[in-house]
Amino acid sequence: MMDMHLQTMTELAAGLEKGDFSSVELTQTLLDRVAALDDRLNAFVTVTAAEALLAAARADAARAAGNVGALNGLPIIHKDIFCTRGVKTTCGSKMLNNFISPYDATVVEKLAAAGAVVLGKSNMDEFAMGSSNETSFFGPVRNPWDLECSPGGSSGGSSASVAARFAPAATGTDTGGSIRQPAALTGTVGIKPTYGRVSRYGMIAFASSLDQAGVITRSSEDAARVLGVMAGFDERDSTSIDHPVPDYLATIGDSIKGLRVGIVRQHFDAGLDEQTGARVKAAIAVIESLGATTVEVDLPNIDLSVPTYYVVAPAECSSNLSRFDGVRFGHRAENAEDLLDLYCRSRGEGFGDEVKRRIMTGAYVLSAGYYDAYYLKAQQVRQLIADDFKKAFADVDVIAGPTAPSPAFKLGDKVDDPIQMYLNDIYTIGANLAGLPAISVPCGFVNDMPVGLHLVGPHFGEEVLLRCGHQYQQQTEWHKACPEAFQ
Ligand code: GLN
């Protein structure tokens, strides 16, 4: 029963199956860790200890009755963007600080139906806008590898929790990199599936044409296990795609011999920290040693992905967040003089600076007279970027490169410089604009801080990403390293 917290989901599943420990014992162990150690990280907004222990007891009873779901008794954490019935769902904002969801998101429902045990809700950038977890109303999350550093964002509570061994898996969402960048910065695995692969129902919307749910784990194998449960068609999400979900675990052990790996020249230019680039190149060499071949591919418009994203995402956010007005949803200002005063003060008090910046940018690019110049133009460039990927995937099976331009930066370093912050997603945003699946896998350390290898696949290419990540992790030990203060 020693060291349960260090085990992957796959190992824990085997332990539960053999009866080495019960889900109640496992859940209690992890809850004790959270109670003792989360002061240092601030990774949780809400810990649902009582509910977790009940769910664990139910999972143990189900197992005794021979009724074992795919994640039976295995602990997870949900990013606080997923609606959870009867539990506070804040989206990292004062706006929703008192919101108790009356229903479960599809992701929450599916994981619960598979027997997973939810330990709580993780801290995040406000409305998932950020790359450092510093825009949260609940304060920044700290990186378990260095408490002075950011764990990435916006799924920083999820990435920090998995790196600190609070749970083997945590859900996340990725609009421009918010699963993969925090995974890279904390030495964890993060997968963002194809747009439409996982239901967005009950996931609070930021930019609807880009948002996609995924998972952060410590191994590709665990990511395969959880994604297999999360994925699938949902008639409650009109952009959900009715495409069969393969058994990701069934093929994860297959060879990657003959795999064609694309390398994008622009991903290794001056914007990339040299040592990070060296670790990523070494990781690609490991993949080559397993029988893959590399090919240079061209994505001529990829340099436009950040500016394109920062028109499209704010435009959609300004529309999505209009519902938080103190009347229909969200924080309501007290003693309003009239309706306009109520709207202005409720939104003024409820939203933080970054969210306001995005709403204003979005309203501007959508306004009459500017729509063609900004929003329409951005949509056209988005199409060019998607076409570039499509051409590239005619010649390669995956595209490999760095997840983020450098290891984790210090809290406070970029928070006053939005452009520097936005550039942290320079390698991840393209996959969102094109709707493609992508994964980040730990590939080494720079100055004792983790860095990640980024693999992008064609639409519905999750299987090859997970398999490639798994084969790489069979050859390397990076993902087994645990931050000293959290062993
Ligand atoms: N960092 C990007 C942003 O601030 C991406 C966020 C995300 O993927 N949710 O918008």
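Residues numbered from 1 in each chain as written. Predicted model: local features only at pLDDT ≥ 70, side-chain atom pairs only at ≥ 80, totals over all residues. Heavy atoms only, no water.

**Focus on the nonpolar core**
Formed by 138 residues in total, the largest nonpolar core has its most connected members in Leu-111, Phe-127, Phe-166, Phe-389, Ile-399, Leu-453 and Leu-466. Sorting elements by how many residues they give to this core places helix α10 (residues 305-320) first, with eight residues. (Core = buried A, V, L, I, M, F, W, Y, C linked by side-chain atoms within 4.5 Å. Buried < 20%, exposed > 50% of the residue type's maximum accessible area, 1.4 Å probe, protein only. Helix = DSSP H or I, 4+ residues; strand = E, 2+ residues; numbered from the N terminus.)

**Comments concerning the side chain of Thr-217**
Examined against the element boundaries, Thr-217 turns out to sit in strand β6 (residues 212-217). At a separation of 2.8 Å, a polar atom in the side chain of Thr-217 contacts the main-chain carbonyl oxygen of Ser-219. (Polar contact = N/O pair within 3.5 Å; in protein donor to acceptor, adjacent residues only side chain to side chain.)

**Considerations on the pattern of salt bridges**
The full count for this structure, using the stated rule, is 15 salt bridges. When the shortest N-O distance is used, the salt bridge between Glu-354 and Arg-358 registers 2.7 Å. Of this pair, Glu-354 and Arg-358 both sit in helix α12 (residues 353-366), four residues apart, which is roughly one turn of that helix. Taken as a pair, Glu-354 and Arg-358 share a single burial class, namely buried. (Salt bridge = Lys/Arg side-chain N within 4 Å of Asp/Glu carboxyl O.)

**Thoughts on the packing of helix α7 (residues 220-230) against helix α16 (residues 462-475)**
Relative to each other, α7 and α16 sit at 150°, their axes nearing to 8 Å. Classified by the angle between their axes, α7 and α16 sit roughly antiparallel to one another. Here Ser-220, Glu-221, Ala-223, Ala-224 and Leu-227 of α7 come into contact with α16, specifically with Glu-462, Leu-466, Gly-469, His-470 and Gln-473. Tallied by class, the residues present in the contact of α7 with α16 amount to four nonpolar, four polar and two charged. (Axes fitted to C-alpha atoms, helices over the stretch in contact; angles between N-to-C directions. Parallel < 35°, antiparallel > 145°, perpendicular 65-115°, else oblique. Contact = heavy atoms within 4.5 Å. Nonpolar A, V, L, I, M, F, W, Y, C, P; charged D, E, K, R; others polar.)

**Remarks on the pairing of strand β8 (residues 293-297)**
Remember that side chains alternate between the two faces of the sheet whenever the strand is regular. In terms of strand pairing, strand β7 (residues 260-264) meets β8 through five bridges, oriented parallel. Across the sheet, residue Val-261 finds its bridge partner in β8, namely Thr-294. (Pairing = 2+ DSSP bridges.)

**Some remarks on the packing of aromatic side chains**
Applying the stated rule across the entire model yields 16 aromatic pairs. Aromatic side chains Tyr-310 and Tyr-422 sit 3.7 Å apart centroid to centroid with 10° between the ring planes, which places their arrangement in the stacked category. Here Tyr-310 is found in helix α10, whereas its partner Tyr-422 is found in helix α14 (residues 418-422), with 112 residues between them in sequence. Across the pair, exposure class does not vary: Tyr-310 and Tyr-422 are buried alike. (Phe/Tyr/Trp six-rings, centres within 6.5 Å; stacked < 30°, edge-to-face > 60°.)

**Some points on the side chain of Arg-200**
Structurally, Arg-200 can be placed in the loop between β5 (189-192) and β6. The class of Arg-200 is buried, set by a relative accessible area of 15%. Within polar-contact distance, the side chain of Arg-200 engages the side chain of Thr-239 at 2.8 Å.

**Brief notes about the site of the ligand**
Near the ligand you find 15 residues, and of these Gly-176, Ser-178, Tyr-309, Arg-358 and Asp-425 are the closest. One of the backbone nitrogen or oxygen atoms of Ala-128 is found 2.8 Å away from a nitrogen atom of the ligand. Within the backbone of Gly-130, a nitrogen or oxygen atom sits 2.8 Å from an oxygen atom of the ligand. In isolation the ligand exposes 290 Å². Once the protein is present, 100% of that is buried. Looking at side-chain class alone, the shell around the ligand contains five nonpolar, seven polar and three charged residues. (Near = heavy atom within 4 Å. Areas by Shrake-Rupley, 256 points an atom, 1.4 Å probe, with all protein chains shown as cover.)

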